[in-house]
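Examining the three-dimensional arrangement
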Amino acid sequence: MPLGYNGKRLVVDLNENEIHVEEPDETWYRKYLGGMGSIAYHLLTMMDPEADPLGPENILLMSTGVITGAAFSGSGRNAVGGKSPLTGGFGEADAGGFWNAELKHAGFDEIIFTGASDRPVWLLVEDGEYELRDASDLWGLEVAECQDRMRSITGDNQLKTALIGPAGEKLVRTACVINDLNHVAGRCGLGAIMGSKLLKGVGVRGREPPEVADPEKVRELARILIEKIDTQAKGLRDYGTGAAMDAYAATGNLPTHNFRDGNWPHASEIDAIAVKERYREGMGTCYSCAVRCKKEVALETPYKVERRYGGPEYETLGALGSDCEVRDLAAICKANELCQRYGIDTIGAGTTIAFAMECYEEGIIDDEITGGIELNFGNAEAMLEVLN
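A brief structural summary. (Residues numbered from 1 in each chain as written. Predicted model: local features only at pLDDT ≥ 70, side-chain atom pairs only at ≥ 80, totals over all residues. Heavy atoms only, no water.)

**Some words on the pattern of salt bridges**
A complete count under the given rule lists 30 salt bridges for this structure. Between glutamate 269 and arginine 327 there is a salt bridge whose closest N-O contact spans 3.2 Å. Taken together, the residues span a long stretch of sequence, with glutamate 269 in the loop between helix H10 (245–250) and helix H11 (272–278) and arginine 327 in the loop between helix H12 (314–319) and helix H13 (329–342) at a distance of 58 residues. A salt bridge links glutamate 337 to arginine 341, with the shortest nitrogen-to-oxygen separation between them at 3.3 Å. On the criterion of helical spacing, the pair formed by glutamate 337 and arginine 341 is a turn pair, its members being 4 residues apart in helix H13. The residues glutamate 337 and arginine 341 share a single accessibility class, namely buried. Salt bridges linked by common partners bring Glu142, Asp148, Glu306, Arg308, Lys334, Glu337 and Arg341 together as one network. (Salt bridge = Lys/Arg side-chain N within 4 Å of Asp/Glu carboxyl O. Helix = DSSP H or I, 4+ residues; strand = E, 2+ residues; numbered from the N terminus. Buried < 20%, exposed > 50% of the residue type's maximum accessible area, 1.4 Å probe, protein only.)

**Here's the deal with the sheet that holds strand S3 (residues 60–64)**
In spatial order, the strands read S2-S1-S6-S3-S4-S5; together these 6 strands make up an open sheet with mixed pairing. Of all strands in the sheet, those bounded by a partner on one side alone are strand S2 (18–22) and strand S5 (90–95). Across this sheet, the average inter-strand angle for adjacent strands is 15°, counted without regard to direction. Where S3 and strand S4 (residues 78–83) come together, 4 bridges link them in antiparallel fashion. The residue of S4 that forms the bridge with threonine 64 is asparagine 78. (Pairing = 2+ DSSP bridges. Axes fitted to C-alpha atoms, helices over the stretch in contact; angles between N-to-C directions.)

**Some remarks on the packing of aromatic side chains**
The tally for this structure, following the rule as stated, stands at 7 aromatic pairs. Put simply, the rings of Tyr5, Trp28, Tyr29, Tyr32 and Tyr41 pair up and form one aromatic cluster. (Phe/Tyr/Trp six-rings, centres within 6.5 Å; stacked < 30°, edge-to-face > 60°.)

**Focus: the sheet that holds strand S11 (residues 183–185)**
With mixed pairing, the 6 strands of this open sheet are ordered in space as S8-S7-S12-S9-S10-S11. At either margin of the open sheet sits one strand with a lone partner, and together these are strand S8 (129–134) and S11. Within this sheet the neighbouring strands show an average axis-to-axis angle of 20°, counted without direction. For strand S7 (residues 121–126) and S8, the ladder comprises 6 bridges, and the chain directions are antiparallel. Across the sheet, residue valine 125 finds its bridge partner in S8, namely tyrosine 130. Along the sheet, helix H4 (residues 143–154) makes contact with S7, S8, strand S9 (160–163), strand S10 (177–179) and strand S12 (199–205), crossing S9 at roughly 135°. (Contact = heavy atoms within 4.5 Å.)

**Some details on the packing of helix H14 (residues 346–361) against helix H16 (residues 380–387)**
At a closest axis distance of 11 Å, the pairing of H14 and H16 adopts a crossing angle of 115°. Regarding H14 and H16, the two cross each other, and that crossing is right-handed. Each of Ala349, Ile353 and Met357 in H14 lies in contact with H16, whose residues at this interface are Met383, Val386 and Leu387. (Left-handed = near helix turned anticlockwise from the far one by under 90°.)

**Brief notes about H16**
Among all positions of H16, only Ala380, Ala382, Met383, Leu384 and Leu387 are buried. For H16, the elements touching its buried residues are H13 and H14. Two to three positions downstream of the cap, the backbone nitrogen of glutamate 381 sits 3.3 Å from a side-chain oxygen, assigning the N-cap of H16 to asparagine 379. (Polar contact = N/O pair within 3.5 Å; in protein donor to acceptor, adjacent residues only side chain to side chain.)

**Some remarks on the side chain of glutamine 340**
Secondary-structure assignment places glutamine 340 in helix H13. Non-local contacts of glutamine 340, meaning those with residues more than four positions away in its chain, are made with Val143, Ile178, Leu181, Asn182, Val184 and Tyr309.

**Quick look at H4**
Between its terminal C-alpha atoms H4 stretches 17 Å, which fits the 16 Å expected from 12 residues at 1.5 Å a residue. Listed in full, the buried residues belonging to H4 are Val143, Ala144, Cys146, Gln147, Met150 and Arg151. For H4, the buried positions fall inside an angular range of 160° around the axis, keeping them on one side. Within two residues after H4, glycine 155 carries a phi angle of roughly 70°, on the positive side. (Expected span 1.5 Å × (residues − 1). Arc of directions from axis to C-beta.)

**Focus: the environment of threonine 241**
Along the polypeptide, threonine 241 turns up in the loop between helix H9 (234–239) and H10. For the pair threonine 241 and glutamate 313, spaced 72 residues apart in the sequence, the C-alpha separation amounts to 5.5 Å. Excluding its chain neighbours within four sequence positions, the residues that come into contact with threonine 241 are Leu236, Ala272, Cys293, Lys295, Glu313 and Tyr314. Polar contacts involving the side chain of threonine 241 include one to the side chain of glutamate 313, which spans 2.5 Å.

**Topic: the pairing of strand S14 (residues 294–297)**
Across the two faces of S14 the burial is the same, with Lys294 and Glu296 and Lys295 and Val297 all buried. As paired elements, strand S13 (residues 280–284) and S14 share 4 bridges and run antiparallel to each other. Residue pairing across strands places arginine 280 opposite valine 297, the latter belonging to S14.

**Focus: the side chain of threonine 316**
Inspection of the secondary structure puts threonine 316 in helix H12. Engagement of the side chain of threonine 316 in a polar contact is seen with the side chain of threonine 346, the distance being 2.8 Å. Contact partners of threonine 316, with chain neighbours within four places excluded, come to Gly321, Ile332, Asn336 and Thr346.

**A few points about the pairing of S2**
Note that strand S1 (residues 9–13) and S2 share 5 bridges and pair antiparallel. Its bridge partner being in S2, leucine 10 is matched across the sheet by valine 21. The turn linking S1 back onto S2 is made up of 4 residues, and asparagine 17 within it adopts a positive phi angle of 60°.

What follows is the structure in structure tokens.
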């Protein structure tokens, strides 16, 4: 009997609407572990390297690691992978949250999707059982709306979800996969692979964590990690990511003006300390993690921003803030929420907009091309309008 993992993966053939279970042996886990290792293995062994990233021959993997779902801080992660629609190369991104541990507790270590469906579908996995379901009434929904609908359908308010939004459905090359509304596998356009397969998402419910080899050692590790928060992770606990943006600016490492510059005098106006002081409502976390570094913001004015979509991480504050030279922290919080709603990578979105701003500044694009939007650096309203 495996310890710490399940020894089972789901393989979902979307062409044939069929699912089967594979049981890798212990040697496979010792060699590839799961997560990124599994993604690399399967991309190399299952897929033609010339495959169209948005064609049915591409595969999509959602893979946990061997410690995912164990009860200590830092274990709540999973990787998502496939051939990247953005780069045409190896595509991998990872996300936190609770979906990953829930999959492990439902009896499976990973899911591989092959082919493409001829209609929108979503996968339900619950305590060892699995079923492809029709997603016609979910297609087109924003991320939170979709989770609400899936929970209503199943009658389970604890259902954990990994979803795409409208961006993934429309094959946006910076579309991402979102766990639990605000934990994002953001890089490489993996949400577009889901969209190309007409796969809206995966809902998971699990109640049986795999047995670990030494439960007391796991508990001891959990205690040690909690004790070290004040010395090793206090900044993350208090502010989340992005508290040191002024230091990045001082050393010339803050993305500014489409990466033309690395120093911006307004960094402290949009950093994580400013977020806490102005808009933060609380801090969320991932499975069994005591650090609680996940910002949650809420605004009523000048923009309506829902708390359940989380808050801007450092990369978002940099890409949609300093790189676009936007000093309006409320607008950055709104931009982050829009990216979560639509399922867009905030880094890809922000740096694309910053590039367009420099093109506008240099006269490469003009008001006719932008539809009258004055796409100047620092124009928060233009940033939001272009994002929409």
